[in-house]
Amino acid sequence: PILRIKDLRVAFKSASGLNEVLHGISYDLYVDEILGIVGESGSGKSVASLAIMGLLPLKSGVTASGEILFNTENIIDYSQKQLEAIRGKKIAMIFQEPMSALNPSLTCGFQVAEILLHHKKVSASEVKKEVLQLFEKVKLPRPQDMYTSYPHQISGGQMQRVVIAMAIACKPKILIADEPTTALDVTIQAQILDLMGKLKRELGMSILFITHDLGLVQEFSDQVCVMKNGEIVEQGNTKKVFQNPSH
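In short, a report on the structure. (Residues numbered from 1 in each chain as written. Predicted model: local features only at pLDDT ≥ 70, side-chain atom pairs only at ≥ 80, totals over all residues. Heavy atoms only, no water.)

1. Looking at the sheet that holds strand 2 (residues 17-29)
Link 1 in the chain: Taken in spatial order, the four strands of this open sheet run 2-1-4-5, and their pairing is antiparallel. Of all the strands in the sheet, just strand 2 and strand 5 (73-74) have a single pairing partner and so form its edges.
Link 2 in the chain: Pairing of strand 1 (residues 3-14) with strand 2, which is carried by ten bridges, proceeds in the antiparallel orientation. Bridged to Ala-11 within strand 2 is Glu-20. (Pairing = 2+ DSSP bridges. Helix = DSSP H or I, 4+ residues; strand = E, 2+ residues; numbered from the N terminus.)

2. Some thoughts on the nonpolar core
Link 1 in the chain: By size, the foremost hydrophobic cluster in this structure holds 42 residues, and its most contacted members are Phe-135, Ile-164, Met-196 and Phe-209.
Link 2 in the chain: For this core, the element with the highest residue contribution is helix 7 (residues 156-168), accounting for eight residues.
Link 3 in the chain: Setting aside chain neighbours within four positions, we find Met-196 in contact with Ile-94, Ile-164, Ala-177, Pro-180, Ile-207, Phe-209 and Phe-220.
Link 4 in the chain: Counting 33 residues, the second-largest nonpolar core is a separate cluster that includes Ile-37, Val-47, Ile-68 and Ile-86. (Core = buried A, V, L, I, M, F, W, Y, C linked by side-chain atoms within 4.5 Å. Buried < 20%, exposed > 50% of the residue type's maximum accessible area, 1.4 Å probe, protein only. Contact = heavy atoms within 4.5 Å.)

3. Let's talk about the environment of Ile-188
Link 1 in the chain: Structurally, the position occupied by Ile-188 is in helix 8 (residues 186-203).
Link 2 in the chain: C-alpha of Ile-188 to C-alpha of Gln-158: the two residues are 30 residues apart in sequence and 9.4 Å apart in space.

4. Quick look at helix 8
Link 1 in the chain: Here helix 8 contains 18 residues, and its C-alpha end-to-end distance of 26 Å stays within 8% of the 26 Å for a straight helix at 1.5 Å per residue.
Link 2 in the chain: Within helix 8, the full set of buried residues consists of Gln-189, Ile-192, Leu-193, Leu-195, Met-196, Gly-197, Leu-199, Lys-200 and Leu-203. (Expected span 1.5 Å × (residues − 1).)

5. Quick notes on the packing of aromatic side chains
Link 1 in the chain: Per the counting criterion, the structure on display carries one aromatic pair.
Link 2 in the chain: Note that Lys-128 overlies the ring of Tyr-147, its terminal NZ or CZ placed 4.9 Å from the centroid. (Phe/Tyr/Trp six-rings, centres within 6.5 Å; stacked < 30°, edge-to-face > 60°. Lys NZ or Arg CZ within 6 Å of the ring centre and 35° of its normal.)

6. Some words on empty space enclosed by the protein
Link 1 in the chain: This model, assessed by the stated rule, comprises one cavity of 30 Å³ or more.
Link 2 in the chain: Put simply, the largest cavity is a space of about 30 Å³.
Link 3 in the chain: Ile-52, Met-53, Leu-83, Ile-86, Arg-87 and Ile-91 are the residues that line the largest cavity.
Link 4 in the chain: Broken down by class, the residue content of the lining of the largest cavity amounts to five nonpolar, no polar and one charged. (1 Å grid on protein atoms, 1.4 Å probe; cavity = no way out; pocket = protein on both sides within 12 Å on 5 of 7 lines; lining within 4 Å. Points joined across faces, edges and corners; volume = space filled by probe spheres on them. Nonpolar A, V, L, I, M, F, W, Y, C, P; charged D, E, K, R; others polar.)

7. Focus: the packing of helix 4 (residues 108-119) against helix 7
In helix packing, the relevant descriptors are the interaxial angle and the interaxial distance, both defined with respect to the helix axes.
Link 1 in the chain: At their nearest, the axes of helix 4 and helix 7 sit 8 Å apart, and the two run at 15° to each other. Relative to helix 7, the element helix 4 is oriented roughly parallel. For the element pair helix 4 and helix 7, the recorded crossing hand is right-handed. In contact with Cys-108, Gln-111, Val-112 and Ile-115 of helix 4, helix 7 contributes Val-162, Ala-165 and Met-166.
Link 2 in the chain: Of the residues contributing to the contact of helix 4 with helix 7, the split by class is six nonpolar, one polar and no charged. (Axes fitted to C-alpha atoms, helices over the stretch in contact; angles between N-to-C directions. Parallel < 35°, antiparallel > 145°, perpendicular 65-115°, else oblique. Left-handed = near helix turned anticlockwise from the far one by under 90°.)

8. Some details on the sheet that holds strand 6 (residues 91-94)
Link 1 in the chain: Pairing is mixed across the open sheet formed by six strands, whose spatial order is 6-7-8-3-9-10. Of all strands in the sheet, those bounded by a partner on one side alone are strand 6 and strand 10 (231-237). Each strand of the sheet is rotated relative to its neighbour by a mean of 15°, with strand direction disregarded.
Link 2 in the chain: Two strands pair when backbone bridges link them, and strand 6 and strand 7 (residues 174-178) are joined in this way by four bridges, in the parallel orientation.

9. A few points about the pattern of salt bridges
Link 1 in the chain: Within the structure shown, the criterion is met by eight salt bridges.
Link 2 in the chain: Salt-bridge contacts for Asp-32 lead to Lys-200; the nearest nitrogen and oxygen are separated by 3.4 Å. Of the two residues, Asp-32 is situated in the loop between strand 2 and strand 3 (34-39) and Lys-200 in helix 8; the sequence distance between them amounts to 168 residues.
Link 3 in the chain: Residue Lys-200 is classed as buried on the basis of its relative accessible area, which comes to 11%.
Link 4 in the chain: When the shortest N-O distance is used, the salt bridge between Asp-194 and Lys-198 registers 3.1 Å. Of this pair, Asp-194 and Lys-198 both sit in helix 8, separated by four residues, roughly a single helical turn. (Salt bridge = Lys/Arg side-chain N within 4 Å of Asp/Glu carboxyl O.)

10. With respect to the layout of surface pockets
Link 1 in the chain: Taken as a whole, the largest pocket holds about 480 Å³ of empty space.
Link 2 in the chain: Arg-87, Gly-88, Phe-95, Ile-115 and Met-166 are, among the 17 residues lining the largest pocket, the residues nearest its centre.
Link 3 in the chain: The set of elements that each furnish at least two residues to the lining of the largest pocket consists of strand 6, helix 4 and helix 7.
Link 4 in the chain: The element that contributes the greatest number of residues to the lining of the largest pocket is helix 4, accounting for five residues.
Link 5 in the chain: Looking at the lining of the largest pocket, its residues break down into ten nonpolar, four polar and three charged.

Written as structure tokens, this is what we have:
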């Protein structure tokens, strides 16, 4: 497996002491595979993905224990500097709300360019070319116009494509998609999933697909983990789990 989660526990500090929200979950994500993580709101799906990205607010009383093995290296104790070298470059994330994932005061082109400049040694002229190619790859109409547009000037579906362009800019090995189609209507939803499937094949990525939509998991993922109340209650091959659920 490219990613192995072992006995991951996350707890939040509250007035009454530590409140554990993930109770020792374990799963594996293999190369070139889509693993669906499904569960109701509050089951701990997103908390687990934030732990993988090193985005939990550990300074403000959140604790995480267990192992997060990326290519056999345990990254749970990495420093912020070590995490920054991986985040965006080797493991990238598409967040739930494109509206809040994009900065309203910067153009879409600038925001994608920033990631490339941070992780790759590229000149300013090359960067623009690469961003336009990314916009074409994610099937954004009129890439030149999109480059200079601000997020509020484009549609929700287009914003989500900009966010995907940011996520795949450095050709990551793992893409974490946290409810990537929640705010979109059904036709755009299908297009975005289709796009993610194509990009997975082109770039050889593994995808961690987080959703509460069973239909999407059934259609889109190879393996599935079902979460409830911070635990994994069932996992296995998607077809088998749907045909013969044990929980």
